[in-house]
Structure formats: structure tokens, C-alpha cells
There are 4 protein chains.
Amino acid sequence: MRRNKKELKEPTLINRTRVHVRFSETDAMGVVWHGNYLKFFEDGREAFGREFGLSYTTIYENGYTAPVVDIHCQFKQSLTFGDTIIIETSYHACQAAKLQFTYTVLRERDGLIMATGQSTQVFLNSSNKLELVNPVFLKEWKENLKIL
Amino acid sequence: MRRNKKELKEPTLINRTRVHVRFSETDAMGVVWHGNYLKFFEDGREAFGREFGLSYTTIYENGYTAPVVDIHCQFKQSLTFGDTIIIETSYHACQAAKLQFTYTVLRERDGLIMATGQSTQVFLNSSNKLELVNPVFLKEWKENLKIL
Amino acid sequence: MRRNKKELKEPTLINRTRVHVRFSETDAMGVVWHGNYLKFFEDGREAFGREFGLSYTTIYENGYTAPVVDIHCQFKQSLTFGDTIIIETSYHACQAAKLQFTYTVLRERDGLIMATGQSTQVFLNSSNKLELVNPVFLKEWKENLKIL
Amino acid sequence: MRRNKKELKEPTLINRTRVHVRFSETDAMGVVWHGNYLKFFEDGREAFGREFGLSYTTIYENGYTAPVVDIHCQFKQSLTFGDTIIIETSYHACQAAKLQFTYTVLRERDGLIMATGQSTQVFLNSSNKLELVNPVFLKEWKENLKIL
């Protein structure tokens with residue numbers, strides 16, 4: 001992924017949100033099951049959407065869906081039940097009709113990085129066809145937030 | 001629930017299906033998290049539907065949905081990763097426009113009962129309104145299977 | 001369950017906690033999958049534990065686990081993505097070595113009751129044997145909170 | 001990931017396993033929620049382990065755990081409820097003390113590729129320390145299967 005990371009522009013917007021680890025998210029090794037970090041990333045995207053006006057609901061009301069087409073996760077440390085995490089979700093602007101986010105999951109009590117991740121979403125219109133150019137609502141959203 | 005159980009008619013149709021416990025279904029106590037048994041019950045209902053022609057898809061294609069309105073589960077023993085289970089799903093006929101199932105989850109290697117459960121589903125029509133009388137497709141399904 | 005409800009003493013302690021519905025918790029019917037309410041109930045138990053000093057961690061540090069042996073849920077309305085819920089978790093004292101909770105899940109924006117539930121937990125000691133009498137730490141917890 | 005893929009040796013062992021999509025695995029878009037593919041990958045690893053003698057249980061009984069430290073997933077098409085999938089799990093031998101798998105998730109009815117993925121696992125010993133050299137049991141496993 002080093003190559004991909006280089007390609008990503010610097011983040012232009014960052015959201016931080018706080019989540020309690022659920023007991024049901026742990027596994028028999030006593031730690032959070034690795035697949036559950038994709039829920040944390042989605043928590044991050046949604047908190048980002050609520051802060052900056054780009055939630056799933058907004059996208060949907062504009063006639064689009066934005067499915068995840070690529071996700072990558074690096075696990076550094078293990079979360080356990082009782083932990084509270086901070087999810088940092090960073091938006092990376094790009095010319096293509098895509099949404100690119102990176103994630104850092106930190107343990108609240110000591111700020112240790114538990115996992116990092118990257119995701120790419122594309123836009124499908126109401127006929128489920130891939131949009132090759134940026135939807136109008138996204139252009140306006142970028143303009144309002146002065147994102148190039 | 002003793003009262004409810006008494007009310008239930010004897011089961012008229014029974015399906016048995018086999019499921020591997022997933023590692024992601026265990027929790028930090030080393031056993032299957034209790035909430036995951038509702039997935040096993042749904043596995044049971046679906047296997048029942050495939051065997052007897054009453055799947056979610058069939059119900060949906062006839063213009064209905066059948067949401068669960070009541071579910072009850074008794075946990076007897078703990079399943080662990082590596083276990084394979086047999087889910088017995090029993091259909092209990094009733095006059096009302098409802099689907100009533102009971103479940104027994106057995107560990108395959110020794111037949112031990114791990115959990116039991118009961119569920120009730122109602123029918124909503126395409127306007128999301130509760131159906132008070134049995135949908136026609138359900139009457140025909142019962143007749144075909146000689147269920148009173 | 002009417003019988004069971006009658007048997008329960010009036011709740012002596014109530015916790016209220018707030019949870020966002022996750023997109024991953026919805027199903028193809030567009031609403032929260034019924035099994036996910038057991039996660040909400042557990043959120044409620046844990047928030048209760050944090051407020052009143054009876055978390056899974058506390059129980060565990062005292063040498064016990066408290067598995068759920070019975071859970072019952074009544075679904076009234078459907079939650080959708082974007083909803084925020086209030087979970088009311090009520091502790092019902094009893095003489096037996098058990099923990100009995102009831103739950104009410106309300107939609108925050110209008111206070112509508114979406115689901116109700118009841119759960120029973122027992123105590124296993126460090127040898128995984130059922131405790132027939134109340135553990136000392138639980139007696140002390142009740143005394144401290146003036147619960148009969 | 002093209003770079004990573006180049007680095008991977010050709011797969012030496014391949015397992016194929018069959019899984020029904022669960023209703024609870026769909027989301028409000030009517031398709032399988034993207035995070036659930038990590039469950040399919042784990043189904044694949046476990047089926048691989050059962051076929052070739054390298055299950056979580058085997059690893060654990062030899063004094064190790066093998067946590068996933070990196071996972072990458074590319075989503076191509078959407079699975080819906082009712083679909084049955086074939087998960088192809090390929091083991092890629094490497095000199096380092098790691099397990100490297102790639103995955104292809106195919107829809108059974110037409111063989112269409114729905115998703116691909118890659119994962120890397122490391123070995124922790126019983127003190128939770130990273131093993132820098134291949135555990136003895138893994139060397140023997142490779143020798144038995146004539147993997148270089």
C-alpha cells in the first residue's frame with residue numbers, strides 16, 4: 001500500500017469520534033475480532049458525514065449510493081473489552097468520482113495506535129451504473145468546503 | 001413460557017440443518033456469544049423454507065414480509081469454536097395469520113442440547129400493514145402439505 | 001411472559017443510554033435486523049454496569065462470569081439507519097443468585113417504543129460451576145445501593 | 001496491491017468451500033454488507049485448515065496464535081440474500097514466519113467473481129511475543145506437504 005498512500009493527497013478534512021468496544025465484538029482470543037474494525041471504519045465515515053454533511057442518507061437523497069470497492073486494514077495492537085477508541089477519519093480529495101478515506105483507530109486511555117486503514121468508494125446512480133464523473137451534489141459539497 | 005408452549009400445537013413439520021460455528025461468533029469468554037443463536041435460528045428457518053417451500057424469497061414474491069415480532073431463547077450449554085451444530089426447526093400450525101417456530105440447537109458430536117427457542121412472525125402486506133387473515137399463498141401452502 | 005413479568009419485582013435501578021444505529025445493523029428489508037437488538041440490550045447492561053458499578057469486568061474480577069441463560073424480546077416497530085435510540089435498562093432485585101433485567105428501546109426523536117425485552121443471568125464460579133447462593137460481592141453491591 | 005501480488009509466490013495449495021449467504025448479512029442496500037466478506041475469508045481459512053491440517057485449533061495446540069495483521073479486499077459485484085458462494089482460499093508459501101492467503105469469492109450459480117482478497121498472519125507465542133522464525137510445527141507441516 002505504500003504506493004497507494006503516496007498517491008493520496010494530504011487529508012483535507014478530519015473527523016474524530018469515540019466508540020465503546022462491545023463485548024460481542026471480542027472473540028475467543030479475548031480481543032476484538034479483526035473483522036469488526038470495518039464497523040469502526042464505518043462509524044468513522046458516518047461521524048465524518050454527520051460533521052461535514054456527507055452521510056449515506058445525503059448521498060442516497062441525491063440519487064446515489066457509494067459502495068466500498070476497496071478496503072485495506074493494518075492491525076497493530078489488540079483491543080479488548082472495556083476499551084474505548086477514538087476513530088480518526090480523514091478525507092482525501094481526488095479528481096476521480098471517488099471517495100477516499102484513511103482511518104486511524106487509537107485507544108483512548110493512552111493514545112496507542114491499534115489499527116490503520118484505507119477505503120475507496122465509487123458512486124452508483126439510481127440505475128446502479130457507475131458514475132465516471134463527479135456527481136453535482138459532490139462538486140457543490142467540495143466547493144462549499146473549499147476543497148480543490 | 002410454559003404457558004406459551006402449552007398453547008402451541010404439536011409440530012407438524014421439522015427441518016434439520018447443520019452449521020459450523022464461526023470463530024467470529026465466539027466472545028472473550030471463549031464461547032459463542034449468546035446473541036448469535038438468533039443467527040442459528042434464522043439458519044434453521046431458512047433451511048426449513050428451502051425444504052418445504054416457505055423461504056423469505058417465496059414470502060416476498062407473494063407480496064408479503066414476515067418480520068419476527070417475538071423471540072425467546074433458553075441457553076443450556078456453551079458452544080465453542082470448532083463445534084458443529086444441528087438446528088432442529090419445528091413449524092407449529094395455528095389459525096391466526098402467524099408463523100410459529102420452535103428451535104433446538106444440538107451439538108453434533110454428542111447430541112447435547114445447547115439451546116432452545118421460540119419465535120413468532122406476522123405478515124405485513126406491501127403497504128407494510130399487518131395482515132389479520134392468512135395470506136392466500138399460505139393457505140395454499142398448508143393445503144398442499146395437508147396441514148390443518 | 002405475562003407470568004414472568006408478574007413475578008419480577010419493581011425495578012430498583014434504571015439506566016438510560018444512547019446509541020446510534022449502525023448501517024451494518026440493517027438488513028435487506030431496510031430495517032435493523034431483529035437479532036441486533038440483543039446487542040442493544042448488552043449495550044444497556046454495560047451502561048448500567050458503568051453507572052452502578054456492576055460491569056462484566058467487575059463480575060470477572062470477583063471470580064465469576066454471568067452468562068445469559070434466558071432472553072426474550074418483543075419487537076414493536078422497525079428501526080432504520082440514521083435512527084438514534086435510548087435504551088432503558090432496569091434492574092429487578094431477586095432473592096435467587098441471578099441478575100434480572102428488563103429493557104425498553106425507544107427511538108430518540110419521538111420516544112416511540114421500538115422493542116422491549118427481559119433477560120436472566122446466572123453466576124458461574126471460576127470452575128464454571130453454577131452458584132446457588134448470591135456471591136459475596138453481589139450482596140455487598142446490593143447493600144451499598146440499599147437494594148433489599 | 002499490484003506490488004504485493006507480484007511478491008507473492010504462486011499458490012501451492014487451494015481449498016474450495018461453499019457457504020450460504022445469511023439474511024442477517026445483508027444491509028439496507030439489499031446486498032451483503034461489505035464487512036461480512038471478512039467472515040467469508042475466515043470461512044475459507046478454516047475450511048483450508050480442515051482440509052490441510054492447519055486450523056486455528058492446531059495452531060493453538062502447538063502453543064501459538066496467528067492473528068491477522070493485514071487484510072485487503074476488492075469488491076467487484078454485490079451478493080444478495082439467497083446467493084450461495086464458493087470461497088477459493090490459496091496458500092502462498094514464504095520464507096518469513098507468516099501465513100499468506102489470497103481469496104476469491106465466486107457466486108455459485110454463474111461463477112462470477114464477487115470479491116478478491118489477501119491476508120497476512122503472524123505467529124505469537126504463548127507469551128504473546130512475535131515469532132521471527134517459523135515455528136517447528138509449521139516447518140513440519142510444510143515438509144509433510146512438500147512445500148518449499
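Residues numbered from 1 in each chain as written. Chains lettered and ligands numbered in written order. Predicted model: local features only at pLDDT ≥ 70, side-chain atom pairs only at ≥ 80, totals over all residues.

Undergrad: Any details on the relation of the copies chain C and chain B? Residues and values, ideally.
TA: With an RMSD of 0.0 Å, the operation that places chain C on chain B is a rotation of 180° combined with a shift of 0.0 Å along the axis. This pairing of chains is accounted for by a two-fold axis. Among all C-alpha atoms of chain C, that of C:His72 lies closest to the rotation axis, at 2.1 Å. Looking at chain C, 100% of its interface residues are interface residues in chain B too, so the copies touch through the same face. (Least-squares fit on C-alpha atoms with pLDDT ≥ 70 in both. Contact = placed C-beta atoms within 7 Å.)

Undergrad: Go over the environment of B:Lys39, please, and point to the residues and values.
TA: Topologically, B:Lys39 is positioned in helix H2 (residues 37-52). The class for B:Lys39 is partly exposed, based on 19 C-beta atoms found within 10 Å. In contact with B:Lys39, other than residues within four places in its own chain, are C:Gly35, D:Arg22 and D:Ser24. (Helix = DSSP H or I, 4+ residues; strand = E, 2+ residues; numbered from the N terminus. Buried ≥ 20, exposed ≤ 12 C-beta atoms within 10 Å, placed from the backbone.)

Undergrad: Got a sec to walk through the relation of the copies chain D and chain C? Specific residues and values, please.
TA: For the match of chain D to chain C, the screw axis carries a shift of 0.0 Å, the RMSD comes to 0.0 Å, and the turn is 180°. Here 100% of the interface residues in chain D have copies in chain C that are interface residues too; the copies meet face to matching face.

Undergrad: Tell me what's going on with the sheet that holds strand S3 (residues 84-92) of chain C, and back it up with residues and numbers.
TA: What the 10 strands build is an open sheet, ordered S1(B)-S3(B)-S4(B)-S5(B)-S2(B)-S2(C)-S5(C)-S4(C)-S3(C)-S1(C); its pairing is antiparallel. Both outer strands of the open sheet, strand S1 (13-20) of chain B together with strand S1 (13-20) of chain C, are each paired with one neighbouring strand and no more. Neighbour to neighbour, the strand axes of the sheet diverge by 15° on average, direction disregarded. Summarising the sheet, strand S2 (residues 68-75) of chain B and strand S2 (residues 68-75) of chain C pair through five bridges and their orientation is antiparallel. Across the sheet, residue B:Ile71 finds its bridge partner in S2(C), namely C:Cys73. Packed onto the sheet, H2(B) meets S1, S2, strand S3 (84-92), strand S4 (98-107) and strand S5 (113-122) of chain B and runs at close to 125° relative to S1(B). (Pairing = 2+ DSSP bridges. Axes fitted to C-alpha atoms, helices over the stretch in contact; angles between N-to-C directions.)

Undergrad: Kindly report on the interface of chain C and chain B, identifying the contributing residues and their values.
TA: In this assembly, 17 residues from chain C lie in contact with 17 residues from chain B. When residues in the side of chain C that touches chain B are grouped by element, the largest group, eight residues, is from S2(C).

Undergrad: Can you explain the environment of D:Met29? Please cite residues and give values.
TA: Examined against the element boundaries, D:Met29 turns out to sit in the loop between strand S1 (13-20) and helix H2 (37-52). It is 34 Å that separates the C-alpha atoms of D:Met29 and D:Leu99, two residues lying 70 residues apart in sequence.

Undergrad: A description of the pairing of strand S3 (residues 84-92) of chain A should follow, citing residues and the corresponding values.
TA: All names here are of chain A. Alternating residues of S3 divide into Ile-85, Ile-87, Thr-89 and Tyr-91, all buried, and Thr-84, Ile-86, Glu-88, Ser-90 and His-92, none buried. Here strand S1 (residues 13-20) pairs with S3 via eight bridges, running antiparallel. Residue pairing across strands places Arg-18 opposite Ile-86, the latter belonging to S3. Pairing of S3 with strand S4 (residues 98-107) involves eight bridges; the strand directions are antiparallel. Across the sheet, residue Glu-88 finds its bridge partner in S4, namely Thr-104.

Undergrad: Any details on the nonpolar core? Residues and values, ideally.
TA: In this structure, A:Val105, B:Val105, C:Val105 and D:Val105 are the most contacted members of the largest nonpolar core, which totals 124 residues. When near neighbours in sequence (up to four residues on either side) are disregarded, D:Val105 contacts D:Tyr37, D:Phe40, D:Ile85, D:Ile87, D:Met114 and D:Ala115. (Core = buried A, V, L, I, M, F, W, Y, C linked by C-beta atoms within 7 Å.)

Undergrad: Tell me about the sheet that holds strand S5 (residues 113-122) of chain A, and name the residues and values.
TA: With antiparallel pairing, the 10 strands of this open sheet are ordered in space as S1(A)-S3(A)-S4(A)-S5(A)-S2(A)-S2(D)-S5(D)-S4(D)-S3(D)-S1(D). With partners counted over all chains shown, the strands left at the sheet margins are S1 of chain A together with S1 of chain D, one partner each. Taken pair by pair, the neighbouring strands of this sheet meet at an average axis angle of 15°, ignoring direction. Where strand S2 (residues 68-75) of chain D and strand S5 (residues 113-122) of chain D come together, seven bridges link them in antiparallel fashion. Counterpart to D:Gln74 in the pairing with S5(D) is D:Thr116. Along the sheet, helix H2 (residues 37-52) of chain A makes contact with S1, strand S2 (68-75), S3, S4 and S5 of chain A, crossing S1(A) at roughly 125°. The strands that H2(D) touches are S1, S2, strand S3 (84-92), strand S4 (98-107) and S5 of chain D; relative to S1(D), the one it contacts most, it runs at about 125°.

Undergrad: Which residues make up unusual backbone geometry, and what values go with them?
TA: Keep in mind that most residues, glycine aside, have a negative phi and that most peptide bonds are trans. Residue and element names in this part refer to chain A. Positive phi, normally seen in glycine, also occurs at Asn-128, with a value near 65°. Along the chain, the position of Asn-128 falls in the loop between S5 and helix H4 (136-144). Judged by the 9 C-beta atoms lying within 10 Å of it, Asn-128 falls in the exposed class.

Read these as spatial facts, not as claims about activity.
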